[in-house]
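Inside the fold
What follows is each chain in one-letter form.
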Amino acid sequence: MAAQKDLWDAIVIGAGIQGCFTAYHLAKHRKRILLLEQFFLPHSRGSSHGQSRIIRKAYLEDFYTRMMHECYQIWAQLEHDAGTQLHRQTGLLLLGMKENQELKTIQANLSRQRVEHQCLSSEELKQRFPNIRLPRGEVGLLDNSGGVIYAYKALRALQDAIRQLGGIVRDGEKVVEINPGLLVTVKTTSRSYQAKSLVITAGPWTNQLLRPLGIELPLQTLRINVCYWREMVPGSYGVSQAFPCFLWLGLCPHHIYGLPTGEYPGLMKVSYHHGNHADPEERDCPTARTDIGDVQILSSFVRDHLPDLKPEPAVIESCMYTNTPDEQFILDRHPKYDNIVIGAGFSAVSRAWAKPTFDLWPEASLLCTGAGFTDGEDASDEGSVPEMSSFSSASPESPINTR
């Protein structure tokens, strides 16, 4: 038995945005917390790096729209505690054909949840945003609550807050072994630790940690090209010109999204919400960059729809997505070891835009202490949180059993 001073209430593996928020909530519950990260911080190997992400209430799923009300409150509290700006409201403009079913469903969700929004005709869009070209006569839906989260600043604020609350953040320590039990032993490249509970939020490395524990989740790891395009007239797509974040629906098999200029001077982020299968250990190898079909799609899109941008990317960066087959995240206990909690597959709903699961992590934290779910049950009852009991190491392609 570990000495009390060497025993953690919980260890969290993975210091991306989900892992940081998990450790933050646990620390706020006065738990003795250790947050482990395999790379030295800050790094650009996972899904949470960079300067900006979109936050919004406009979702296809009604439960995400409802969850975002509390998420905004959590962001505001963190911003207050950190004493620094982490969010800028710009609005999120969704664009698509009038008959687009996704657009209709999102508008209905916003109305039902009383989220302030505007429906814009093609003519209204042309008057308000003259530097967007609408060759098919698209209409718009403006989610007034949408905006930009300053991603790197948010991670830094969370890690600082964890330390201020008494938690420990250790980077450059890769987990090499997990031994489950009444106390979980976690061995890293540097040392071994023991905890009453373990939370795994390892993004594309999740299955590497789970296979020795007898399960494998049907996670798809993708390498995404994050592209930045130069303005022909500096500031024309900037916040100072009231240009919003945008999400274009129905134009390609996957959505195209963009954020106002600001991350790099004179460059606008416009990217494709999909990529190529990639091993996270090999994503930066030269062979991983051979397929640029998404960049070609984006070049055509910029040329046809954003005429004040040069149609060749000025900067291309990389990011990893981790998705499930139905693009809903997984948040549950290990089916055999109930003091191991796993969160995975957040990219489809949270990487490019918001982080709609932040308000579930306090309940995940309570899983670690045996208290179970509280507010999060409403979401999971509607199918938002897949169970892992349907997965097994012998059948990683098992369908997700949503409850």
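Residues numbered from 1 in each chain as written. Predicted model: local features only at pLDDT ≥ 70, side-chain atom pairs only at ≥ 80, totals over all residues. Heavy atoms only, no water.

Quick notes on the overall build of the protein
As a reminder, the rule being used: The secondary structure listing takes helices from DSSP runs of H or I that are at least 4 residues long and strands from runs of E that are at least 2 residues long, numbered from the N terminus. Partly exposed residues are those whose accessible area sits between 20% and 50% of the maximum for their type, while under 20% is buried and over 50% is exposed, using a 1.4 Å probe and protein chains only. Should any heavy atoms of two residues lie within 4.5 Å, those residues are counted as being in contact. The protein chains shown are the only cover counted for residues, whose accessible areas, like all others here, come from Shrake-Rupley with a 1.4 Å probe.
Counting secondary structure elements, the protein contains ten helices and 20 strands. Looking at the 403 residues of the protein, the share that counts as buried comes to 57%. Across the protein, contacts joining residues at least 24 apart in sequence account for 72% of those joining residues at least 6 apart. Just so you have it, the protein exposes about 16500 Å², and 49% of that area is on carbon and sulfur atoms.

So, the pairing of strand E15 (residues 256–264)
Where we set the bar: Think of it this way: DSSP has to see at least two bridges between two strands before they count as a pair.
Counting buried positions along E15 gives seven out of nine residues, so the element sits mostly inside the fold. With three bridges connecting them, strand E14 (residues 245–248) and E15 associate as antiparallel partners. Note on E15: the bridge partner recorded for Phe-246 is Gly-258. With five bridges connecting them, E15 and strand E16 (residues 267–272) associate as antiparallel partners. Considered in E16, the bridge of Ile-256 is made with Tyr-272. Where E15 folds back on E16, the antiparallel hairpin that results is connected by two residues, among which Gly-266 adopts a positive phi of roughly 75 degrees.

Observations regarding the sheet that holds strand E4 (residues 87–89)
We apply this condition: Between the N-to-C directions of two axes lies an angle of 0 to 180 degrees, each axis being a line fitted to C-alpha atoms and, for a helix, fitted only over the stretch in contact.
The strand order across the open sheet built from three strands is E3-E8-E4, with neighbouring strands paired in antiparallel fashion. On the outer flanks of this sheet lie strand E3 (52–55) and E4, each paired with one strand and no other. Mean inter-strand twist for the sheet, computed between neighbouring axes without regard to direction, equals 25 degrees. The pairing of E3 with strand E8 (residues 147–150) spans four bridges and is classified as antiparallel.

Focus: the packing of aromatic side chains
The geometry of an aromatic ring pair is captured by two quantities: the separation of the ring centres and the angle between the planes. We count it as follows: Each pair of aromatic rings taken from Phe, Tyr and Trp, with Trp reduced to its six-membered ring, is defined by centres within 6.5 Å and is described as stacked if the planes are under 30 degrees apart, edge-to-face if over 60, and tilted in the remaining cases. Sitting over a ring, as applied to charges here, requires NZ of Lys or CZ of Arg to be within 6 Å of the ring centre and within 35 degrees of the ring normal.
Under the criterion given, the structure shown has 13 aromatic pairs. An aromatic cluster of three or more residues is present, and its members are Tyr-59, Phe-63, Tyr-64, Phe-329 and Phe-346. The ring centre of Trp-8 lies 4.1 Å from the NZ or CZ of Arg-32, which sits over that ring. The side chain of Lys-57 reaches across the aromatic face of Tyr-72, ending 4.9 Å from its centre.

Observations regarding the environment of Pro-280
With respect to the helices and strands, the residue Pro-280 is situated in the loop between strand E17 (276–277) and helix H7 (293–305). Separated by 77 residues in sequence, Pro-280 and Gly-203 place their C-alpha atoms 9.5 Å apart.

Some details on helix H2 (residues 62–82)
Here is the rule: For a helix, the expected span equals 1.5 Å multiplied by the number of residues minus one. In this scheme, the bend at a residue equals the angle between the axes fitted to the seven residues that finish there and the seven that begin there.
Between its terminal C-alpha atoms H2 stretches 31 Å, which fits the 30 Å expected from 21 residues at 1.5 Å a residue. At His-69, H2 shows its largest kink, close to 30 degrees. All of the buried residues in H2 are Asp-62, Phe-63, Tyr-64, Thr-65, Met-67, Met-68, Cys-71, Tyr-72, Ile-74, Trp-75 and Leu-78. Directly beyond the C-terminal end of H2, a positive phi value near 70 degrees is found at Gly-83.

Quick look at the pattern of salt bridges
Filter applied, for reference: Counted as salt bridges are all cases of a side-chain nitrogen of Lys or Arg within 4 Å of a carboxyl oxygen of Asp or Glu.
The full count for this structure, using the stated rule, is eleven salt bridges. Glu-173 is the partner of Arg-191 in a salt bridge, and the nearest nitrogen-oxygen pair spans 3.6 Å. Here Glu-173 lies in the loop between strand E9 (168–170) and strand E10 (175–179) and Arg-191 lies in the loop between strand E11 (184–188) and strand E12 (192–200), a separation of 18 residues in the sequence. A salt bridge links Arg-211 to Glu-216; the nearest nitrogen and oxygen atoms lie 3.3 Å apart. Owing to a relative accessible area of 45%, Arg-211 belongs among the partly exposed residues under this scheme.

Quick notes on unusual backbone geometry
Phi is positive for Arg-30, close to 65 degrees, though the residue is something other than glycine. With respect to the helices and strands, the residue Arg-30 is situated in the loop between helix H1 (17–28) and strand E2 (33–36). Although it is not a glycine, Arg-114 sits at a positive phi angle of roughly 55 degrees. Locating Arg-114 in the fold gives a position in the loop between helix H3 (101–112) and strand E6 (117–120). Its relative accessible area of 79% is what places Arg-114 among the exposed residues.

Quick notes on the side chain of Gln-159
With respect to the helices and strands, the residue Gln-159 is situated in helix H5 (residues 151–164). Beyond its immediate stretch of four places on either side in the chain, Gln-159 contacts Ala-15, Cys-20, Leu-41 and Val-169.

Observations concerning the pairing of strand E1 (residues 7–13)
Where we set the bar: Looking down the strands as they point away from the viewer, one classifies a crossover as right-handed if the path from the first strand across the helix to the second runs clockwise.
In terms of burial, E1 is largely enclosed, as six of its seven residues are buried. As paired strands, E1 and E12 are joined by six bridges and run parallel to one another. Pairing of Ile-11 across the sheet is with Leu-198, part of E12. Crossover E1 to E2 through H1 is right-handed.

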